[in-house]
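# Chain and residue survey
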Amino acid sequence: MEKLDFNKDFNFINKHNVSYYAYLNNKEVIFLSYKKYEGIITLQYLENGGITSLIDNKIIIKLKNGYLEISKLKYMNREYSSKEFIKLIGEKNLINNYFK
């Protein structure tokens, strides 16, 4: 497991077997299932690590070299689909917030 550095280029090709973690509101979140996001994005400016969208119940995070779509994660020792996590934390508490 590696800490995700949002300010470094992410290697989308070779990293699918690696779990990454980051912090949201000082609590560890482990990204279990993710892929490169290539869909519609919003036009607001967010720094790297910013949650740009929750489209189709996926968590879209801005990276230095693109966007990461999270579909499964672990939070507080429990696994969640992104849809379950969004419901748990709340859209208003996620959108435009930052993973660090």
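Anyway, here's the lowdown on the structure attached to this text.

Cut-off values and rules
- The residue count restarts for each chain, going from 1 along the sequence in the order it is written.
- In keeping with the model being predicted, local features are shown solely for residues with a pLDDT of at least 70 and side-chain atom pairs are shown and tallied solely at 80 or more, while totals for entire chains, interfaces and linings include all residues.
- The side-chain quantities take in all heavy atoms of the structure and omit both hydrogens and water.
- Strands here are runs of E lasting at least two residues and helices are runs of H or I lasting at least four, both read from the DSSP assignment and numbered beginning at the N terminus.

Okay, unusual backbone geometry next. For Asn25, which is not a glycine, the phi torsion comes out positive at approximately 55 degrees. Here Asn25 shows up in the loop between strand 2 (20-24) and strand 3 (27-36). One non-glycine residue with positive phi stands out, namely Asp56, at about 55 degrees. Assignment of secondary structure puts Asp56 in the loop between strand 4 (51-53) and strand 5 (59-63).

A few words on the environment of Ile13. On the secondary structure map, Ile13 appears in the loop between strand 1 (2-3) and strand 2. Each C-alpha atom, one on Ile13 and one on Ile55, is 23 Å from the other, the two residues being 42 residues apart in sequence.

Everything listed here is a matter of coordinates, which is why it stays silent on function.
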